[in-house]
Amino acid sequence: MKSAVETLNPTRVRLTVEVPFEELKDSLDAAYKKINQQVTVKGFRKGKIPARVIDQRFGRGAVLEEAVNDALPKFYTEAVNEAELNVLGQPEVDITELKDNETLNFTAEVDIRPAIEIPDYSGIEVEVDAVEVTDEDLEKSVEQLRERFASTSPVERAAADGDVVTIDLEAKVDGKVLEDGVASGVSYTIGSGELLDGIDEAVTGLEAGGEATFTSQLKGGSAEGQDAEVTVKVTQVAARELPELDDDFAQLASEFDTLDELKADSRKRLENMKQYDQATQAQERVLEKLLELVEVPVPEKLLADEVQTRKHNLEHHQLGQMGLDLDKYLEIQGKSAEEFDEETREQAVKGIKTQFVLDELVNKEKLNVNQEELTEHLMRRASSSGMSPDQFAQAVVEGGQVPMLVGEVARGKALAVVVEAATVKDTNGEVVDLSDDEDETAETVEASAAEAEGTEAAAEEKTEA
């Protein structure tokens, strides 16, 4: 077999392959054997039909077609390996010449990973928000904790914002009560926005025994998405009472004995959260700077697949769970379809570039992933997916996704190398030390490139097939 490579552009090549006919022998034998098992010829036992009889009865062309289909993937793979190409996705194959007992010639066009030059990144400088916990931040945090320990007591007055009402509901569509549109004894906090649109206005001002009717679009059930006439009856109004901010509250709401100790712990927690946010911000901005330094051609087919994947995930997973379709989502976001498409394309380009650049850095810096790092990453991914580590690990292994997880960890380490080399200052001009934030770096990479990884994994799966 002889092969040659023609570069069509930085992300696509054409392979020209010439195969001597004798190299098709194994595939021809397999083709005759397969046809033997599929057909019946009078006078011959099944599986014992001579090749010449198959040629006469069914045509040599059918045998050649079967043999070529069997042989092409093997010869294509040999040509790819010989040229040391890093291919993406499925090739477009064209048989240019097939002469019986002489030769098989074909071409294969396929996308490849572009060659990337990583420049000196030690001069990257970024600015991030300073870690500052204000008295207002602390007051808001303690107030949220106080809200969690609020109590309620029935009152004999009209319901107002913040009250907890007990209500009965009945929903009708086209004048007919829905089977799943009746509920009794529902507890609802006015102003929380946790039930139907319009319910806050309907119950505000009603006393126990009061009733109101309003129209609202149903968010679930058999008539999801339809407008319904909803009747709500208030059976009880209860006022929420917040506990006093004192040492007794500290003992109730925490392991601390005094309110001062509780506030000190809350301040520390807020500082930790802001430090985490600061680290994430630094990593995102360093990554943006790095991408600006590198010229990264993006394969059009890979980009088209990535855009389609993002749209599919949004429409069929995220929006579906919220009871929305794409049109309603765009209306809420105040975007046109054209703006959405452009935004999705930009995000896809960034995801693909991120993966290409960080993978090149992994090779350049000779970064490896050990078992401990992979296990820690798996634990984080399991936690975010809502699965137990054992369940998540089993799903990863069964889905053949271990290489994908290894790639995520390796890219996180690559970005950590760049972040460590960069100069990061806060808005006060102070240098920020991010040397212990590799875990957060891995999560930043995961968020930036996970979907691109999924697209490329699918492309590589097709290639192997």
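Rules and cut-offs
- Residues numbered from 1 in each chain as written.
- Predicted model: local features only at pLDDT ≥ 70, side-chain atom pairs only at ≥ 80, totals over all residues.
- Heavy atoms only, no water.
- Helix = DSSP H or I, 4+ residues; strand = E, 2+ residues; numbered from the N terminus.
- Rg over C-alpha atoms; globule rule 2.2 N^0.38 Å.
- Buried < 20%, exposed > 50% of the residue type's maximum accessible area, 1.4 Å probe, protein only.
- Lys, Arg positive; Asp, Glu negative; His and termini not counted.
- Charge placed at Lys NZ, Arg CZ, Asp CG, Glu CD.
- Phe/Tyr/Trp six-rings, centres within 6.5 Å; stacked < 30°, edge-to-face > 60°.
- Core = buried A, V, L, I, M, F, W, Y, C linked by side-chain atoms within 4.5 Å.
- Contact = heavy atoms within 4.5 Å.
- Pairing = 2+ DSSP bridges.
- Axes fitted to C-alpha atoms, helices over the stretch in contact; angles between N-to-C directions.
- Salt bridge = Lys/Arg side-chain N within 4 Å of Asp/Glu carboxyl O.
- pLDDT = per-residue confidence, 0-100.
- Polar contact = N/O pair within 3.5 Å; in protein donor to acceptor, adjacent residues only side chain to side chain.

All right, on to the overall build of the chain then. Within the chain, the secondary structure is distributed over 14 helices and 11 strands. In summary, the chain has a C-alpha radius of gyration of 32 Å against a globular reference of 23 Å for 465 residues, an excess of more than 25%. In terms of its C-alpha atoms, the chain occupies a principal-axis envelope of roughly 100 × 65 × 45 Å. Looking at the chain residue by residue over its 465 residues, the buried ones come to 38%. Considering the chain, the positive charge centre built from 48 side chains and the negative charge centre built from 104 side chains are found 10 Å apart.

Per the counting criterion, the structure on display carries one aromatic pair. Between the aromatic rings of Phe-149 and Phe-249, the centroid separation amounts to 6.2 Å while the plane-to-plane angle is 90°, which identifies the pairing as edge-to-face. Of this pair, Phe-149 sits in the loop between helix 4 (135-148) and strand 6 (151-154) while Phe-249 sits in helix 6 (residues 247-253), placing them 100 residues apart in sequence. Its relative accessible area of 27% is what places Phe-149 among the partly exposed residues.

By size, the foremost hydrophobic cluster in this structure holds 36 residues, and its most contacted members are Ile-124, Val-286, Leu-290, Leu-361 and Val-424. Those elements that provide at least two residues to this core are strand 5 (125-128), helix 7 (259-293), helix 8 (300-322), helix 10 (337-364) and helix 13 (402-421). With seven residues, the top contributor of residues to this core is helix 10. Apart from residues no more than four positions distant in its own chain, Leu-361 is found in contact with Ile-118, Tyr-121, Leu-290, Lys-366, Ala-414 and Val-418. Listed in part, the 32 residues of the second largest apolar core include Val-39, Ala-71, Val-80 and Ile-112.

A sheet is described by the order of its strands in space; here four strands give the open sequence 1-2-4-3, paired in antiparallel fashion. Two strands close off the open sheet at either side, each with one partner strand: strand 1 (2-9) and strand 3 (87-99). On average, each strand axis in the sheet is tilted by 20° relative to the strand beside it, whichever way the strands run. As judged from the nine bridges shared by strand 2 (residues 12-20) and strand 4 (residues 103-112), these two strands associate in the antiparallel manner. Each bridged residue has a counterpart across the sheet, and for Leu-15 the counterpart in strand 4 is Ala-108.

Here we take up the pattern of salt bridges. One pass over the full model with this rule turns up 27 salt bridges. Across the pair Lys-34 and Glu-66 runs a salt bridge whose closest N-O atoms are separated by 3.0 Å. Of this pair, Lys-34 sits in helix 1 (residues 25-38) while Glu-66 sits in helix 3 (residues 60-83), placing them 32 residues apart in sequence. Judged by relative accessible area, Lys-34 falls into the partly exposed class, the value being 39%. Look at Glu-66 and you get partly exposed, because its relative accessible area is 26%. Across the pair Glu-331 and Lys-328 runs a salt bridge whose closest N-O atoms are separated by 3.9 Å.

Take the confidence of the model for the chain next. With 94% of its residues at a pLDDT of 70 or more, the chain has an overall mean of 89. Overall, residues 449-465 carries pLDDT values under 50, and its contacts beyond four positions in sequence, including any with other chains, amount to 32 contacts.

Topologically, Ser-27 is positioned in helix 1. What makes Ser-27 buried here is its relative accessible area of 3%. A distance of 2.8 Å separates polar atoms of two side chains, one belonging to Ser-27 and the other to Asp-70. Every residue in contact with Ser-27, bar those within four places of it in the chain, is listed here: Ala-67, Asp-70 and Ala-71.

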